[in-house]
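Residues per chain, in single letters:
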Amino acid sequence: MIKEIVKDDEILSQPCEKATEQDNELVTDLLDTLAANEEAAALSANQIGTPKSVVVYLDDNEQPRVMFNPVLKQALHPFKAVEACLSHEGEVEVKRFAWINVSYEDLVDGKLVPKKIKLQGWTAQLVQHMIDHCKGKTI
Ligand SMILES: [Zn+2]
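Cut-offs used in this document
- Residues numbered from 1 in each chain as written.
- Predicted model: local features only at pLDDT ≥ 70, side-chain atom pairs only at ≥ 80, totals over all residues.
- Heavy atoms only, no water.
- Helix = DSSP H or I, 4+ residues; strand = E, 2+ residues; numbered from the N terminus.
- Rg over C-alpha atoms; globule rule 2.2 N^0.38 Å.
- Donors = N, O, S within 2.8 Å, 3.2 Å for Na, K, Ca; no water.
- Buried < 20%, exposed > 50% of the residue type's maximum accessible area, 1.4 Å probe, protein only.
- Pairing = 2+ DSSP bridges.
- Axes fitted to C-alpha atoms, helices over the stretch in contact; angles between N-to-C directions.
- Contact = heavy atoms within 4.5 Å.

What follows concerns the overall build of the chain. Along the chain, the regular secondary structure elements total 3 helices and 5 strands. Reading the chain from its N end, one meets helices and strands in the order α-α-β-β-β-β-β-α. Over its C-alpha atoms the chain spans a radius of gyration of 14 Å, differing by no more than 12% from the 14 Å that the globule rule assigns to 139 residues. Each principal axis of the C-alpha atoms in the chain carries an extent, and together these give about 40 × 30 × 30 Å.

So, on to the coordination of the zinc ion. Protein coordination at the zinc ion comes from C85 (SG), H129 (NE2) and H133 (NE2), with a distance range of 2.0 to 2.2 Å. For the zinc ion, the donor residues sit on a single chain with the sequence spacing C-x43-H-x3-H. With H129 and H133 both in helix 3 (residues 121–134) and 4 residues apart, the pair spans about one turn of that helix. The class of H129 is buried, set by a relative accessible area of 8%. For H133, a relative accessible area of 1% gives the class buried.

With that settled, the discussion passes to the sheet that holds strand 2 (residues 54–58). On the basis of which strands lie adjacent, the open sheet formed by 5 strands has the order 1-2-3-4-5 and antiparallel pairing. Since the sheet does not close on itself, it has two edges, and those belong to strand 1 (42–44) and strand 5 (111–120), each with one partner. Along the sheet, successive strands turn relative to each other by an average axial angle of 30°, direction set aside. Pairing between strand 2 and strand 3 (residues 64–84): 5 bridges, direction antiparallel. When the sheet's bridge partners are listed, L58 is paired in strand 3 with P64. Lying on the sheet, helix 2 (residues 24–36) is in contact with strand 1, strand 2, strand 3 and strand 4 (91–108); it crosses strand 2 at an angle near 35°.

This is how it looks when you write it as C-alpha cells:
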C-alpha cells in the first residue's frame, strides 16, 4: 500500500526498533511507496510511519533492494556530500563515506538471514542516509 511520507521530526528522531519476520508487510508498503515517489531513491520504514529498522533503496541498476536491520560495519574515504531528503525541505551538507561494508538481514522464505554487502559511490551514500534514518538521525 502507498503510504504518506512522514515529515514530523518528532517521529523521525526516534530510533527504530529491531525488525523481525513479522514485518514482511512493511516491505510491500515501502516498495509501493518508493515506486510512487519518482524522485525517491530510498526509503526507511519510519518515513512511512512505522519505527522499525527496515529500508529499501534502488541499486545501480535501479532495482529495489530491501534491508532488515542494516548496520554500518566499515566505512572508508570520507567526503562531504550535499543531500536532499523526502522528509525535509532543501538540501544539507553531510559527511559520508565513499566505500562501506554493511551487515543486514534478508527475509528469505519467512526467515531472516544474515547478509553482508560492500557498496560504493551513490548506493553507499543512499544506504548511509537510510541507516541514519533507522537511528533517528535526519540530515
Ligand atoms: Zn531522508
